[in-house]
Amino acid sequence: MPYIDFKQLKELETTCTSAASISWHSAAKSHAGLVRKANEDAFYHSSEHGLWAVADGMGGLNRGDYASGVVAESLVHFMKASSLAESVRDLEMKLRDAHNLCRTSFPGEQVGSTVAVLFNYGSHVFFLWAGDSRIYRLRNNTLTQLTTDHSVAQTMIARGQLRPAQAEHHPSAHVLTRAVGVHQTLHLELDFDCVEPGDRFLICSDGLYKDLTVDDIEQLLAQDTADNAVRALIDGALNKGGRDNITAIVVDAD
């Protein structure tokens, strides 16, 4: 679903049955890493509202810490509406407000951030994102990436011009095609998944997965609690070099 289709959301709501048997718990941590002087990542997590987000200020631009902070702050006053479509529309509007604030706060400067949002509604979780911050799911000890990077390299992969194994070291690997605050219009991507008890989700900035392999993430994410998993992931990335800011939120559907 490349753009937010509110008609489809209204149809989907009939299948978003109550998930009263699932309780949510989350843990989050951010670290500047071992190379960067400042931490330009930000995050928001609220199990009460079923909303978790990571924002990564774009290091190649000015005021990355401001941009990511604006994105995280925009979600503070979010509350679920009476319908799924209204809830997602409100999330979209809050992120568009952050987008407009980034574009207008510093005339003559380009200010931008990625965003990856996980939102629970009934028996489903929804993902809204722009950029290369990612959302993963660990289910039955198997890790699945649920978002697709909005990058030039990923576009080349989709066109068959680049193999996935080549993408990590390609010059365009972290040249973004979507982000908050950068282009005139913010294009958010939306996808969703059914929740199963025992699912564990990871929302992270690229500073985590750049230093860890898929196998590393799968192993470290499988710790006994969300708190321990977050610590293990951050420590694992630091032990592999900590070349960038590192942020991780682990969300458990218990």
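Here is a short report on the structure shown in this document.

### What to know about the sheet that holds strand 1 (residues 24-31)
Taken together, the five strands give an open sheet; going across it, the order is 1-10-9-6-7, and neighbouring strands pair in antiparallel fashion. In this open sheet, the two edge strands, each paired with only one partner strand, are strand 1 and strand 7 (142-145). Shown here is a sheet whose adjacent strand axes are inclined to one another by a mean of 20 degrees, direction ignored. Two elements, strand 6 (residues 134-139) and strand 9 (residues 200-204), share five bridges in a ladder whose sense is antiparallel. From the neighbouring strand, L138 faces strand 9, where its bridge partner is R200. Running at roughly 120 degrees to strand 7, helix 7 (residues 214-221) makes contact with strand 6, strand 7, strand 9 and strand 10 (246-253) of the sheet.

### Section: the side chain of E189
As for its position among the elements, E189 is in strand 8 (residues 189-194). Buried and unpaired, E189 has no salt bridge, with R178 as the nearest side chain of opposite charge at 4.2 Å. One polar contact links E189 to H150, side chain to side chain, over a distance of 2.6 Å.

### Some points on the packing of aromatic side chains
Scanning all chains against the criterion turns up six aromatic pairs. Ring centres of F119 and Y121 lie 6.3 Å apart, and the angle between their planes is 55 degrees; on these two criteria the pair is classed as tilted. Accessibility classification places F119 together with Y121 in one group, the buried group. For the ring pair F126 and F192, a centre distance of 5.8 Å and an interplane angle of 40 degrees mean the geometry is tilted.

Thresholds, definitions, all that
- Residues numbered from 1 in each chain as written.
- Predicted model: local features only at pLDDT ≥ 70, side-chain atom pairs only at ≥ 80, totals over all residues.
- Heavy atoms only, no water.
- Pairing = 2+ DSSP bridges.
- Helix = DSSP H or I, 4+ residues; strand = E, 2+ residues; numbered from the N terminus.
- Axes fitted to C-alpha atoms, helices over the stretch in contact; angles between N-to-C directions.
- Contact = heavy atoms within 4.5 Å.
- Buried < 20%, exposed > 50% of the residue type's maximum accessible area, 1.4 Å probe, protein only.
- Lys, Arg positive; Asp, Glu negative; His and termini not counted.
- Salt bridge = Lys/Arg side-chain N within 4 Å of Asp/Glu carboxyl O.
- Polar contact = N/O pair within 3.5 Å; in protein donor to acceptor, adjacent residues only side chain to side chain.
- Phe/Tyr/Trp six-rings, centres within 6.5 Å; stacked < 30°, edge-to-face > 60°.

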